[in-house]
Every structure is written in structure tokens, then in C-alpha cells.
Amino acid sequence: MPMRIRLSMQGNKNSKFFHIVAIPHTKRRDAKPTELLGIYDPRVKPGVEHRTVHWSVDRIRYWLSVGAVPSDRVVKLLEMVSSDFVLATS
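Rules of the game
- Residues numbered from 1 in each chain as written.
- Predicted model: local features only at pLDDT ≥ 70, side-chain atom pairs only at ≥ 80, totals over all residues.
- Heavy atoms only, no water.
- UniProt positions renumbered as here; feature names shortened; annotations may be inferred.
- Helix = DSSP H or I, 4+ residues; strand = E, 2+ residues; numbered from the N terminus.
- Buried < 20%, exposed > 50% of the residue type's maximum accessible area, 1.4 Å probe, protein only.
- Contact = heavy atoms within 4.5 Å.
- Areas by Shrake-Rupley, 256 points an atom, 1.4 Å probe, with all protein chains shown as cover.
- Phe/Tyr/Trp six-rings, centres within 6.5 Å; stacked < 30°, edge-to-face > 60°.
- Polar contact = N/O pair within 3.5 Å; in protein donor to acceptor, adjacent residues only side chain to side chain.

Under an unreviewed UniProt entry, the chain has the name Ribosomal protein S16 and belongs to Fistulina hepatica ATCC 64428. Recorded in UniProt for the chain, the comment headed Sequence similarities (unreviewed entry) runs: "Belongs to the bacterial ribosomal protein bS16 family."

Caption draft 1: Inspection of the overall build of the chain at higher detail. Each helix and strand counted, the chain has two helices and five strands in total. Along the chain, from the amino end to the carboxyl end, the secondary structure elements read β-β-β-β-α-β-α. Relative to its full complement of 90 residues, the chain shows a buried share of 31%. Counting only contacts in the chain whose residues sit at least 6 apart along the sequence, the fraction spanning at least 24 positions is 33%. As displayed, the chain offers around 6200 Å² of accessible surface, 52% of which is attributable to carbon and sulfur atoms.

Caption draft 2: Structural view of the environment of Leu77. Here Leu77 shows up in helix H2 (residues 72-81). Residue classification places Leu77 among the buried positions, given a relative accessible area of 2%. For the pair Leu77 and Val53, spaced 24 residues apart in the sequence, the C-alpha separation amounts to 9.1 Å. Contact partners of Leu77, with chain neighbours within four places excluded, come to Leu7, Ile20, Tyr40, Val53 and Trp55.

Caption draft 3: Main features of the packing of aromatic side chains. Counted by the stated rule, this structure contains two aromatic pairs. Taking 6.2 Å as the distance between ring centres and 25° as the angle between the ring planes, the aromatic pair formed by Phe18 and Tyr40 counts as stacked. With Phe18 in strand E2 (residues 15-24) and Tyr40 in strand E3 (residues 35-41), this pair connects stretches of sequence that are 22 residues apart. Taken as a pair, Phe18 and Tyr40 share a single burial class, namely buried. Centre to centre, the rings of Tyr62 and Trp63 are 5.4 Å apart; their planes meet at 70°, and the pair counts as edge-to-face. When its relative accessible area of 36% is taken as the criterion, Tyr62 is described as partly exposed.

Caption draft 4: Local environment of the side chain of Asp41. On the secondary structure map, Asp41 appears in strand E3. Polar contacts involving the side chain of Asp41 include one to the main-chain amide nitrogen of Arg43, which spans 3.3 Å. If we skip the residues at most four places from it in the chain, Asp41 touches Lys16, Phe17, Arg51 and Thr52.

Dropping the structure here:
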């Protein structure tokens, strides 16, 4: 079954954050993922000038190496945050 690396929406109405997950491509957005790879918080906290991203680089590289396909938004997020990621496009 093809895997995707995508965002899963979490949190309350006015305080959303996203989990970066590896999940089969047929599952819905908020289904239980195969693995949690990181957390992306798009809200800027008071006193901080940037958004927060915590992720496991090794696990993301593993999933990409076994054929997981990142969603468009995850590709943009990886490109924004980390310039040393090399994403294969097919």
C-alpha cells in the first residue's frame, strides 16, 4: 500500500497545529497514522519571530527512501525549513 507523508490537523478551532505523519494514502486526514514524524505549529508565539517545527529527520529520510510520497504542503515545509533535504520527484 503506497504511503504518504502529510499533515494531520489537530487542536481547537482557534489554535490549530499539525502533525507530520506517515500514513497510507487511502486513509482520511485525521485517521490514526502509521508513524508520527513531527509537529508543525503555524502560530507565532509572543516573543518569538518564527513558526515552530519539530521533526525526526532520520525517520522522514527513511520514509522517503522506502517510497513514501510527501504531500505538496509537506514538500514546501521541508524546503522552507531545511535546505539540506533532497526530495526526489517522480
